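Close look at the chain arrangement
Here is what each chain is made of, one letter per residue.
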Amino acid sequence: MSYPVNNVDNDLPIQPGNQFDVKKFVYKIISFLPWFILSIAISYFAARLYLRYTAPVYHMSAFLLIKDMNEGGNSDYKALKEMGLVNGNKDVQNEIDIIKSYSLMKRVVDSLNLHIVLYKEGRVTASPIFGIAWPINLRVVEEYPDGKPESYKLALNPTGFVLSTLTDKVGRTIRYGQEFEVGLGRYVINRLPEIKTEETGYRIYFTQPDNIAQEYKGKIDVRQTHDLGGILEIAMNDQIPERAIMILNKLIEVYNDAGLDDKNLAARRTIKFLNERIDTVARELNYIEISAERFRRTNRITSPSDEANAFMGQALIVDNQKSEQQGKLKVLETLEKYVANFNGTTEMIPSSLGLEEPILISLINSNNELINQKQALAVKSTEADPTVAKLTEQIKHVRENLLGNLRLLKTGFQTNLNQINSNYGSLEGKIATLPGKERQLINIKRQMTLKETLYLYLLQKREETELSLAANINNTRLVDSAFNTGPIKPVAAQVQLFALLIGIALPALFLILRDFFNTRLNDKKEIEEGTSVPILGELSYEKKSNN
């Protein structure tokens with residue numbers, strides 16, 4: 001049986017079914033509600049597992065003041081700085097690069113043995129422990145530079161411990177205090193009885209210090225608290241707050257020590273030179289004293305005559321002048337030899353050792369200041385850097401001027417010494433008129449007095465240099481030692497909120513995709529919205545055929 005179709009109706013445009021049916025959508029959500037509940041429950045459980053087994057990461061900070069050494073007490077400089085007409089501490093950026101350098105972090109790693117890591121075994125995962133939580137005390141006997149990193153299982157018992165590889169279940173039993181060897185070196189382990197051991201055991205990693213230094217170098221963040229200031233925040237993120245605090249504090253300590261070492265290098269070279277001269281003069285003085293005692297016993301002479309004493313007084317004055325000139329000449333020759341034999345442009349020059357020559361002192365100070373600047377730049381630059389190359393040329397120019405000044409001073413001191421020697425010769429003629437044994441005794445006493453004077457002078461100069469060494473201070477001040485600012489991740493509220501959104505989004509996305517790719521008509525309303533063709537009736541479809 002057929003039904004007439006109105007052609008006019010067929011020509012009517014089909015209304016698109018793009019209206020959103022809220023009631024229909026709500027019914028779909030309700031029908032899918034168990035899946036939403038299940039998805040949210042699974043997501044929340046996964047979030048709880050993540051928070052349970054993910055070690056929190058903490059943020060540690062320390063604050064260090066870099067003093068501007070160029071400022072001093074200059075009120076004009078301070079006024080210009082307050083007006084913003086000059087930048088803050090211009091050397092702060094160099095100091096930041098030095099603090100973040102590999103060489104300083106390598107010292108920290110070696111000092112704290114950070115390349116040896118201990119993990120506590122758990123039921124699911126292993127967690128790192130550090131410092132006072134270690135149940136053992138590990139001492140490094142010798143480390144092999146080309147050693148191979150290794151990891152071991154560590155089981156502790158009352159008398160010793162068992163060290164086994166991850167594949168070897170038996171391992172080797174070692175007594176506490178007994179030296180043992182692994183791929184990276186030789187070590188000794190002692191038990192700390194006050195720390196309770198874990199029954200599940202431990203895992204110990206021996207790694208290369210160089211690699212660990214590079215790793216921690218990348219974790220250090222150094223920045224100025226504000227643009228015009230010299231206060232630096234030295235920060236680090238780590239799973240173990242105690243470890244990060246020790247690293248930051250040790251890094252600041254190593255940085256300060258390195259700064260003092262640079263300042264004290266010239267003074268230490270001066271002390272070394274003085275010690276060598278003092279040892280030589282002490283040996284000579286001891287030899288002369290023994291000779292004088294032997295001469296008195298052999299010739300039975302206790303003291304010279306009045307005339308001999310008068311000659312000896314005059315001779316001592318000339319001898320002191322001669323000794324002073326010879327000493328200064330010796331210092332000049334030593335400095336000239338030291339500067340002329342430089343192999344590079346990174347060596348400090350000892351101080352002038354009592355030579356009060358303004359030009360010489362100025363040139364030595366200029367040389368050492370330029371070397372300090374070059375060493376600071378060498379941390380982050382190479383010889384190809386134009387700034388480093390410019391400093392190298394300046395150092396060479398200063399040393400050329402220094403050599404010229406030393407040779408000129410040597411000529412002047414040699415002229416003075418020749419004049420003193422002339423006076424010395426006439427005095428020697430007067431002493432020659434004395435009896436032989438008395439003359440010999442005077443000469444011995446003169447030599448002994450000269451050596452004593454020189455010895456005391458060198459001791460005084462060494463003491464002055466050591467006092468100046470002790471008086472040196474860093475151009476830094478610790479504002480705040482490293483402290484824990486709290487955990488930064490994972491944030492429990494964010495993780496749980498994210499899990500809730502995932503739990504809702506997954507079923508909703510499934511519903512949207514299912515409707516998007518659905519090509520079937522689910523009810524007659526979809527036909528009515530999409531066409532004007534009349535509907536004759538509906539037929540039910542049952543997948544199962546048992547009804």
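Residues numbered from 1 in each chain as written. Predicted model: local features only at pLDDT ≥ 70, side-chain atom pairs only at ≥ 80, totals over all residues. Heavy atoms only, no water.

Below, the discussion takes up the pattern of salt bridges. Using the criterion set out here, one finds 13 salt bridges in the structure. K219 is the salt-bridge partner of E215, the closest N and O atoms lying 3.8 Å from each other. With a gap of 4 residues between them, E215 and K219 both fall in helix 7 (residues 209–219), about one helical turn apart. Judged by its relative accessible area of 43%, E215 falls in the partly exposed class. A residue is classified by how much of its surface remains accessible, and K219, at 30% relative accessible area, is partly exposed. Ionic pairing is found between E253 and K250, a salt bridge with its closest N-O pair at 3.5 Å. Of this pair, E253 and K250 are both found in helix 8 (residues 241–299), 3 residues apart, which corresponds to roughly one turn of the helix. (Salt bridge = Lys/Arg side-chain N within 4 Å of Asp/Glu carboxyl O. Helix = DSSP H or I, 4+ residues; strand = E, 2+ residues; numbered from the N terminus. Buried < 20%, exposed > 50% of the residue type's maximum accessible area, 1.4 Å probe, protein only.)

Tracing the backbone shows V281 in helix 8. Sequence-wise, V281 and Y455 are 174 residues apart; in three dimensions their C-alpha atoms are separated by 6.2 Å.

Another point: a nonpolar patch on the surface. A surface patch of nonpolar side chains, amounting to about 400 Å² of accessible area, comprises V22, V26, Y27 and I30. Take V22: it is sitting in helix 2 (residues 22–31). (Patch = residues over 30% accessible without salt bridge, like charges linked within 9 Å, V, L, I, M, F, W, Y side chains within 5 Å. Areas by Shrake-Rupley, 256 points an atom, 1.4 Å probe, with all protein chains shown as cover.)

On the surface, D523, E528, E529 and E538 cluster together into a negatively charged patch. Following the sequence through the fold, E538 ends up in the segment after helix 14 (524–530). (Lys, Arg positive; Asp, Glu negative; His and termini not counted. Charge placed at Lys NZ, Arg CZ, Asp CG, Glu CD.)

Our next topic: the sheet that holds strand 8 (residues 179–182). Across the sheet, 3 strands lie side by side as 4-9-8; this open sheet has antiparallel pairing. Each edge of the open sheet is held by one strand with a lone partner, namely strand 4 (136–143) and strand 8. The sheet shows a mean angle of 30° between the axes of neighbouring strands, direction not considered. By the bridge criterion, 7 bridges tie strand 4 to strand 9 (residues 185–191) in an arrangement that is antiparallel. Counted as the bridge partner of V140 is Y187 from strand 9. (Pairing = 2+ DSSP bridges. Axes fitted to C-alpha atoms, helices over the stretch in contact; angles between N-to-C directions.)

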